[in-house]
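In case you want the letters, here they are:
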Amino acid sequence: MKKLNSIDLREAYLNFFKSKNHAVIGSASLIPENDPTVLFTTAGMHPLVPYLSGEKHPAGTRLTDVQKCVRTGDIDEVGDASHCTFFEMLGNWSLGDYFKKESISWSYEFLTKVLEIPVEKLAVSVFAGDDDCPRDEESAEIWHSAGIAKDRIFYLPKKNNWWGPAGETGPCGPDTEIFIDSGAAPCSPECSPACNCGKYLEIWNNVFMQFRKTEQGTFEPLKQKNVDTGMGLERTICVLNGHSSVYETDVFAGAIAKLEELSGKTYGSDEQVTKAMRVIADHIRTSTFIIGDENGVVPGNVSQGYILRRLIRRAVRFARSLELPADALVEIAKLYVDQYQNVYPELLKNKDKIVDELSKENERFRKTLEQGLKEFDKVVGYLPPEVKRLSGKAAFRLYDTFGFPIEMTAELCAEKGISVDMKGYEKAFEDHQNTSRAGAEQTFKGGLADHAEATSRLHTATHLMNAGLRKLVNPDIRQRGSNITAERLRFDFNLDRPVTPEEIKAVEDYVNGAIKADVEIKCEEMSVADAKASGAMGVFDSKYGEVVKVYTMGEYSKEICGGPHAKRTGELGHFKIVKEQSSSQGVRRIKAILEY
Ligand code: SER
């Protein structure tokens, strides 16, 4: 076998199909433009769906490319030897041009002549046939006459030998799959490429796309017969070079070496270290491509943004286990930009955005991760030994207060042999959304109308901001009004001029500094006189009873208040002032949010 690296394989593949009159086309965006049923481009054929369905492609009827792909079904499996969330797919297509004969013969030629894979190491599968489509004797015959022994040709059902559609509907058809035999003994007399014992590794899939799956789940013949093939780049170089894991190939070599350098630990030395390095190497590569895509997205709480957030946060958790420096993940992302910029120039174009978004999300989660893990250990520690289940409420608190994606909580639980009450989590999530909506309509009247966690945290942030305004803008500033919803705080105060952008930045820095310091929020009960003597701020004197509560946040703030508040400033996420405006004569109004 030829020990090609990723650069050589891309080139060899495209050149081979160029020599068979294919036009080389560029990779499409990772964010599908015409298919709302999936979040990411999952295969080379995906952006070609309109052309496979009959539209004319400007480059002709024979195409070849390298397509960036993301598959997110197995995020939590990443860390083992084989799973990746991002991969490159080499592909060649016939849009109503050639069909089975050329497709199979060229695959055979490329594998045995260009990659020099010995024919006895190859095995193939073909479609066994059912009501939708007949048994594929034609493909079996072509393989056999090319040189594949009959006992290396396996007939498999739809479950194994049918591909597509990429989303819910669209082009699909029977396929013939190509495997490398690792040489291991068969796991049973029935052992075939259909089983997962590891003997057979799939590297290439040729789909004979003749059908369209409809909304009703039926298969209609397509106007034209197409060929769609896909070869996994990482897997193929892994096999060619005799590696036992894709993480040992050249695509990950730079990232793994950098992780070893930054952590002082060695890949392969210990199961946990190896897993953590694979998770980071994979997730940061995927995140770099998602943010740096021509239609790139940023971390968020829904759809692609949420997947991205999950990937980054899972990487942050594993970075902590390797005791990596704070900016290690950003360093890895930069390394990937350098590594891939020749093939995917959009990464270089979007380098600042990649670095910026990744840094922000990294910082945000690093702040709450430590506290969240403590909270997790505490809650799990309280579980009676016979209860091996985390409550939905506890899981929601980890999400809402510490930014733990539910999948991360489930993974942490699984590591301890406990499960999560997912139904309870969803219920807590819905209840919270309803409370937030209700809270948004209510006003803050000295007490808190909405006692949700989010509101408490914004309330705490209001104290810090109030203190910051007095320290940095004007010592005479006093609260004139406050209104808090689950989404934002609104704070009115006396000042006879606008707050300047520099002052806004300084107040934000002050609050974020307090959050970073992660001080405990102490509550003490005392008489009004003692509270005043202690220097606590208070404005609504007439409202107070004999005994008041004084909330102290280190040196940052001391204020009389009814609460409730967060327990530590570190729970607050990132503080941001989103608006500063006049409220009435001599009164300014600020709106601010906490980002997670
Ligand atoms: N669409 C097929 C696959 O993803 C072949 O490209 O495997």
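Residues numbered from 1 in each chain as written. Predicted model: local features only at pLDDT ≥ 70, side-chain atom pairs only at ≥ 80, totals over all residues. Heavy atoms only, no water.

Student: Explain the overall build of the chain to me, using residue names and the numbers behind them.
Tutor: Along the chain, the regular secondary structure elements total 18 helices and 18 strands. Overall, the C-alpha framework of the chain stretches about 100 × 55 × 45 Å when taken along its three principal axes. By sequence separation, contacts in the chain at least 24 residues apart represent 70% of the contacts at least 6 residues apart. Summed over its atoms, the accessible surface of the chain is roughly 25,900 Å², and 49% of this surface lies on carbon and sulfur atoms. Treating the 76 positive side-chain charges of the chain as one cloud and the 88 negative ones as another, the clouds have centres 3 Å apart. (Helix = DSSP H or I, 4+ residues; strand = E, 2+ residues; numbered from the N terminus. Contact = heavy atoms within 4.5 Å. Areas by Shrake-Rupley, 256 points an atom, 1.4 Å probe, with all protein chains shown as cover. Lys, Arg positive; Asp, Glu negative; His and termini not counted. Charge placed at Lys NZ, Arg CZ, Asp CG, Glu CD.)

Student: So what's going on with the sheet that holds strand β18 (residues 587–595)? Residues and values would help.
Tutor: Sheet architecture is open: four strands sit in the order β12-β13-β18-β17, paired in antiparallel fashion. For this open sheet the edge positions go to β12 (479–484) and β17 (574–584), each flanked by a neighbour on one side alone. In this sheet, adjacent strand axes meet at a mean angle of 20° when their direction is disregarded. (Pairing = 2+ DSSP bridges. Axes fitted to C-alpha atoms, helices over the stretch in contact; angles between N-to-C directions.)

Student: Before we move on, could you go through the site of the ligand and cite the residues and values that matter?
Tutor: In the neighbourhood of the ligand, the contacting residues comprise Ala 43, Met 45, Arg 71, Met 89, Trp 163, Asn 205, Val 207, Asp 228, Thr 229 and Gly 230. Residue Gly 230 places a main-chain N or O atom 3.1 Å away from an oxygen atom belonging to the ligand. With the chains in place, 95% of the 230 Å² that the ligand exposes on its own is no longer accessible. Going through the elements one at a time, β8 (200–213) and β9 (219–232) are the ones with two or more residues in the shell around the ligand. Its residues placed into classes, the shell around the ligand shows five nonpolar, three polar and two charged. (Near = heavy atom within 4 Å. Polar contact = N/O pair within 3.5 Å; in protein donor to acceptor, adjacent residues only side chain to side chain. Nonpolar A, V, L, I, M, F, W, Y, C, P; charged D, E, K, R; others polar.)

Student: Which residues make up the environment of Pro 157, and what values do they have?
Tutor: Considering the arrangement of structural elements, one finds Pro 157 in the loop between β5 (153–156) and α5 (158–161). The partly exposed category is assigned to Pro 157, whose relative accessible area is 42%. For the pair formed by Pro 157 and Ala 194, sequence separation is 37 residues and the distance between their alpha carbons is 9.5 Å. Excluding residues within four positions of it along the chain, Pro 157 makes contact with Phe 127 and Ala 128. (Buried < 20%, exposed > 50% of the residue type's maximum accessible area, 1.4 Å probe, protein only.)

Student: So, the side chain of Ser 287: which residues are in play, and what are the values?
Tutor: Locating Ser 287 in the fold gives a position in helix α8 (residues 271–291). The residues contacting Ser 287, other than those within four sequence positions of it, are Leu 308, Leu 311 and Ile 312.

Student: Give a description of the environment of Ala 28 that names residues and reports values.
Tutor: Considering the arrangement of structural elements, one finds Ala 28 in the loop between β1 (23–24) and α2 (49–52). Since its relative accessible area comes to 23%, Ala 28 is described here as partly exposed. C-alpha separation for the pair Ala 28 and Val 38, spaced ten residues apart in sequence, amounts to 15 Å. Setting aside its immediate chain neighbours within four residues, Ala 28 contacts Pro 47, Gln 67, Lys 68 and Glu 294.

Student: Mind laying out the pairing of strand β7 (residues 170–181), listing which residues take part and the relevant values?
Tutor: Looking along a regular strand, one sees side chains alternate from face to face of the sheet. Across the twelve residues that make up β7, a large majority, twelve, are buried. Note that strand β4 (residues 122–127) and β7 share four bridges and pair antiparallel. Pairing of Val 124 across the sheet is with Ile 178, part of β7. Counting the residues that bridge the hairpin from strand β6 (residues 162–163) to β7 gives six residues, and of these Gly 164 lies at a positive phi of roughly 95°. One ladder, built from ten bridges, connects β7 with β8; its direction is antiparallel. By the bridge assignment, Asp 175 is partnered in β8 with Val 207.

Student: Pulling in residues and values, what's your account of the sheet that holds strand β15 (residues 547–553)?
Tutor: Strand order in the open sheet formed by three strands is β14-β15-β16, and the pairing between neighbours is antiparallel. Pairing within the sheet leaves two strands with one partner each, and these edge strands are β14 (521–527) and β16 (557–560). Each adjacent strand pair in this sheet contributes to an overall mean axis angle of 20°, direction not counted. In this structure, β14 lies alongside β15, joined through seven bridges in antiparallel fashion. Counted as the bridge partner of Ser 527 is Val 547 from β15.

Student: Explain empty space enclosed by the protein residue by residue, including any values.
Tutor: Summed over the entire model, instances satisfying the criterion amount to one cavity of 30 Å³ or more. Taken as a whole, the largest cavity spans an internal volume of roughly 60 Å³. The wall of the largest cavity is formed by Ile 75, Asp 76, Arg 310, Arg 314, Pro 405, Glu 407, Met 408 and Glu 411. Among the secondary structure elements, those contributing two or more residues to the lining of the largest cavity are α9 (303–321) and α14 (406–415). Broken down by element, the lining of the largest cavity gets its largest block of residues, three residues, from α14. (1 Å grid on protein atoms, 1.4 Å probe; cavity = no way out; pocket = protein on both sides within 12 Å on 5 of 7 lines; lining within 4 Å. Points joined across faces, edges and corners; volume = space filled by probe spheres on them.)

Student: Before we move on, could you go through the side chain of Asn 205 and cite the residues and values that matter?
Tutor: Considering the arrangement of structural elements, one finds Asn 205 in strand β8. Within the structure, the side chain of Asn 205 is placed 3.5 Å from the side chain of Asp 175, a separation counted as a polar contact.

Student: Quick one: what's the story with the packing of aromatic side chains, residue by residue and with numbers?
Tutor: Scanning the entire structure with this criterion turns up 29 aromatic pairs. Here Tyr 399 and Tyr 425 contribute two aromatic rings whose centre-to-centre distance is 6.3 Å and whose plane-to-plane angle is 85°, an arrangement assigned as edge-to-face. Here Tyr 399 is found in helix α13 (residues 392–402), whereas its partner Tyr 425 is found in helix α15 (residues 422–441), with 26 residues between them in sequence. Members of the aromatic cluster, connected to one another through ring pairs, are Tyr 13, Phe 16, Phe 17, Phe 110 and Trp 204. We note Lys 158 situated over the ring of Trp 162; from NZ or CZ to the ring centre the distance is 4.5 Å. (Phe/Tyr/Trp six-rings, centres within 6.5 Å; stacked < 30°, edge-to-face > 60°. Lys NZ or Arg CZ within 6 Å of the ring centre and 35° of its normal.)

Student: A description of the environment of Phe 396 should follow, citing residues and the corresponding values.
Tutor: Relative to the helices and strands, Phe 396 is located in helix α13. Along the primary structure Phe 396 and Gly 424 are separated by 28 residues, whereas in three dimensions their C-alpha atoms are 8.7 Å apart. Residues within four places of Phe 396 in sequence aside, it is in contact with Tyr 425, Ala 428, Phe 429 and His 432.

Student: Run through the pattern of salt bridges, naming residues and quoting values.
Tutor: Under the defined criterion, the tally for this structure stands at 44 salt bridges. Across the pair Glu 595 and Arg 364 runs a salt bridge, and its minimum N-O distance is 4.0 Å. A residue pair is termed long-range when its members are at least 10 positions apart, and Glu 595 in strand β18 and Arg 364 in helix α12 (residues 351–382) qualify at 231 residues. Of the residues examined, Glu 595 reaches a relative accessible area of 22% and is grouped as partly exposed. Counted as one network, the salt bridges with shared partners bring together Asp 76, Arg 310, Arg 314, Arg 317, Glu 407, Glu 411 and Glu 415. (Salt bridge = Lys/Arg side-chain N within 4 Å of Asp/Glu carboxyl O.)

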